Amino acid sequence: MEGFLVSAATGALKAVTVKLATLLGDELNMKDVHKEIKSLSDELNYMHAFLEKMSEEENPDNQDKIWMTDVREMSYDIEDSLDDFMICIDDDKSAKKKSLMKKCTKLLDKMKAHKRISKAIQEFKTQIREVRDRNHRYRTGVTATKDSHEMIDIRAQAIFKDASELVAIDEQKNELINLLIEDGSLSRHQVKVVAIVGLGGLGKTTLANQVYESLKDKFDCKAFVTVSRTPHMLEVLRTILLDISEQEYTGDMQHLIRKISDFLQDKRYLIVVDDLWDSESWETIQNALIKNSCASRIITTTRKTEVAQSCCTLRRGHIYKLRPLNPENSRKLFLKRIFGSEGGCPSDLSEVCDDILEKCDGLPLAIIAIAGLLAGKAPTVDEWNKVQCSFGHALERHSDVNRMIQILSLSYFDLPPHLRSCLLYLSIFPEDYEIRKDRLILRWIAEGFVHEEHGFTQYEIGDRCFNELINRSLIQPVYSSYFDVICCRVHDTILEFILSKAVEENFVTLFGLANIRVDPHRKIRRFSLQDRNEVSDAIVGSREKIIYYHVRSVVVFPGSLDSLPSLQKFKHLHVLDLEDCEGLQAHHLAHLGGLFALRYLSLRRNWIYELPEETGQLQYLQTLDIRDTRIDELPSSVGRLSRLVTLLCDPDVRLPDGFGKNMQALQQLVGSISVRYQSPSFAQELRQLRNLRILEILFDDEVSEDLVSSLCTLGTGCLNSLAIECHEEQMKLVMEPWSPTPHGLKILQIRRIVVPRVPRWIGSLDNLQDLTLRVEQLGSEDFGLLGSLNALSNLIIYIEIEVADRSSSSQGTQRIKVSGTHGFPSLRRFLVVSEYCAFGLLFEGGAMPKLQELSLSFNSDLIGSLTNGEFDFGIQHLPCLAIVRCYFWKYFDPDDPAREALKKAVSSHPNHPKLLTRRRTGRTRIVSTMRSTETTTLKTRRRTGRTRIMSTVRSTETTTLKIGCCSRRPNGGSRGGASGLHMGSGCMGDVRTARALTWACEMECKRGRPDN
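Owing to the predicted nature of the structure, the values given are computational and were not obtained by experimental measurement.

1. A word on the packing of helix α8 (residues 233–245) against helix α9 (residues 253–263)
- Between α8 and α9, the shortest axis-to-axis distance is 10 Å and the interhelical angle comes to 25 degrees. The angle between the axes of α8 and α9 places the two elements in the roughly parallel class. Of the two possible hands of crossing, α8 and α9 adopt the one that is left-handed. Facing α8, whose interface residues are Met233, Leu234, Leu237, Arg238, Ile240, Leu241, Ile244 and Ser245, α9 presents Met253, Leu256, Ile257, Lys259, Ile260 and Phe263.

2. Notes on unusual backbone geometry
- Omega for the bond connecting serine 739 with proline 740 falls within 30 degrees of zero, at -5 degrees, which places this linkage in the cis form.
- Positioned with a positive phi, arginine 605 is a non-glycine residue whose angle comes to about 55 degrees.
- Its place among the elements puts arginine 605 in the loop between β13 (600–602) and β14 (623–625).
- Not every positive phi belongs to a glycine, and serine 672 is a case in point at roughly 50 degrees.
- Looking at where serine 672 falls in the secondary structure, it is placed in strand β16 (residues 668–674).
- Look at serine 672 and you get buried, because its relative accessible area is 7%.

3. Some words on the pattern of salt bridges
- Per the counting criterion, the structure on display carries 46 salt bridges.
- The residue aspartate 83 makes a salt bridge to lysine 19 at a minimum N-O spacing of 2.6 Å. Within this pair, whereas aspartate 83 is found in helix α3 (residues 62–94), its partner lysine 19 is found in helix α1 (residues 13–23), the two being separated by 64 residues in sequence.
- Judged by its relative accessible area of 0%, aspartate 83 falls in the buried class.
- In this structure, aspartate 432 engages arginine 489 in a salt bridge whose closest nitrogen and oxygen atoms are separated by 2.9 Å. With a gap of 57 residues between them, aspartate 432 in the loop between α17 (417–425) and β6 (435–436) and arginine 489 in strand β8 (residues 485–489) connect regions that are remote in the sequence.
- Residue classification places aspartate 432 among the partly exposed positions, given a relative accessible area of 26%.
- For arginine 489, a relative accessible area of 17% gives the class buried.

Calculation criteria
Residues numbered from 1 in each chain as written. Predicted model: local features only at pLDDT ≥ 70, side-chain atom pairs only at ≥ 80, totals over all residues. Heavy atoms only, no water. Axes fitted to C-alpha atoms, helices over the stretch in contact; angles between N-to-C directions. Helix = DSSP H or I, 4+ residues; strand = E, 2+ residues; numbered from the N terminus. Parallel < 35°, antiparallel > 145°, perpendicular 65-115°, else oblique. Left-handed = near helix turned anticlockwise from the far one by under 90°. Contact = heavy atoms within 4.5 Å. Buried < 20%, exposed > 50% of the residue type's maximum accessible area, 1.4 Å probe, protein only. Salt bridge = Lys/Arg side-chain N within 4 Å of Asp/Glu carboxyl O.

Structural measurements only, silent on function.
Take a look at the structure:
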């Protein structure tokens, strides 16, 4: 059942054909129905191919839409029936070791099942025939033709827009002009490319045209050409030739490219290539744009980051990420569109106006669309509130809203089918919800949207899909305090679009939204419970009529747990996500064992104490997430989950005996598994997990040689990511050579412990790509060792020694110089954290030739003394630098000389890298006193950061808890290896309490945002 591909376009047709192929296996002894199964499978394959083709149609007629829906719904029903039968097959296989009586019973059951499947095949064929005949019956034989010229190119309208109508374009226009004409002139003779990238509707075409109009008179010849999603490249090139030379040409492409190139040979040209969708189109165009020495300039616009990167690869280029409008300019544009001026807005509409603009989030397309809708309505609070509440759920259709939908449709239909499914799935989350990356990818896998490809796991493919949606500007990344993408969110405008698509295709069903009506007679496939308010009796009554038998996915959001039907009503559930459901009790999980098709189960962040024993009956379960719960032991039955791929739990959770023998599919064991709580046979069982790829482990006791040997053995096999947490007592483990050398490791994180230098054995990890390490100090020899790792692309180093500790050393004022001799041939991302020490890094010529992202974290006062106040890190010697990130470990000073120096260094760098800075905002402290044997629940909420801290602490004497949220360091460590959670004497040291509060600190830190 695992690994079958499901999509929004074709439903479960692919899954059904693969399962039918399984039924054709000789071992099932079903030769009597082989012919019928083969015939059915062929029919479904044709349907699958036809649906894929039809899904490319942006505006199919209503009859085609109905037929496509019928086929998708039929495919889900057939898969459900096949799943019922295949359970019997699996039970039969598991009966091989049972008694003779049980085998005989199973044999009789199997014979009955064979008769059922034979009958079901006939029913499937009848169902297919009915769907096909119904479609043919009402075909008139007349094909409606669509006029290819009936729709005006929406982007072209931006080109002719009067400059007086544009809001806040001058600032970004001037920035672009400065990038194109450096030092106020065109003295730099190389051809330069500026690629404008951003979400559809952000104003890329408008901005490019304004720059073009401002600069075109400075060039010998110029052209503005639009490529579009399905370009006719010969026509595009002909347009370029006509614009630059006023010549027309009717020959082939080869001669046309040569003709353009010859004409531009000695000309200073300005070319705007608007609306690029793929690198291939750019390759064709750039072949015609000769690299002369006349200070020529090229501007491109695209929605895709990868296309923007390809534009800048072979030529000197810069990627310009278009920013949304700020609140002030958003308001100007909005009110000007409705009232003609900003001053025309009645005062009573001010608050709802702000609410609407918050949802538009600075996107000009959305602002104009909603303003156009409101312009035709009475300017009253009630009317505006109706629109505000429906934004993101079910906007009234209006010409401006339809225009917005058309623009977003271009991005949607440019996606391959599997990415469309991944995008539509995001409609299951509430607006403004921050969706954790790992949660989303694991659910995609469980739904069947992504599958393994040769050499890549399902999770790796899912990660690629996630990044692709970011690159296409369809989802917005949310960064941790150290700039890793940990979550995403969906712009309300995109949510409005995908939700309308998802509801139309019965892809998702949402409960709890006032503007979306749920048809109780329609089969529900995936549903999302978002009951934020009390549910009325009428709604409760209507939901009781709903049949949940066919539901494949359930997600319950905070406040909606009471609306969850009994699990007994579900049979074919694949995903059950109960994360963050306060008040989850054992009775909510009654009948869990009956969900035989379940693949994803999350109980994360719930105060539930134990996992039901019947969890072991979920034989198709792939992901189990019980992090941040009070579960401290997995039931023995979990050890029989032979298909479990991902286990996410807390450090103090005890794994079941025998897990190594039975859980052979396990690839991810995450949560810093504490060795202290495991059985004596843990090391031997861990060694048996031959497919394990990702492991997080905590050494809080003496480390046995057997356990180290097990880790090394895994590291020579599939294990490619290892995170270990340990204390100073385990220094020997970290510093001494590992044998056999774990050559398979690609990611190594050594957390919490501070080592005196880089362990020498790390230099033998030939495949290492990602390293995180905490060291006392870092010298030239250490850089030489790290630089010799040819595959290393991501390096994170925390340097711990304080200035006072180094002042007496001869190295007290010595700067660490990194040059080309140190290697680092593949390093693309380098983060160095040095809160308390005067660590002076200086890049020299040839250093880190491929470095794109540099992140520095330091105390600017201490670094200032080491660099004589110049804060010169030599970043001008990093030729590929694109992003510089800095975290200042001191209270914010707007005139901080370090900040100003970095701004100057970035602006003078030839690549003009983006500068992002963070600052320490101060120490957040929570002090709570708990007395006697009382149980106290501590809750705090900070509105802007959406931080929630929940804990229950029992103590026999007065205890003081102090939490320094912002002083907490990344990856769970604070200075000296502490956890960042400080407990006064008298605390019982409850691991789960500490975990809850530490998690709160971590979330507080992650909510940080860049200063610019």
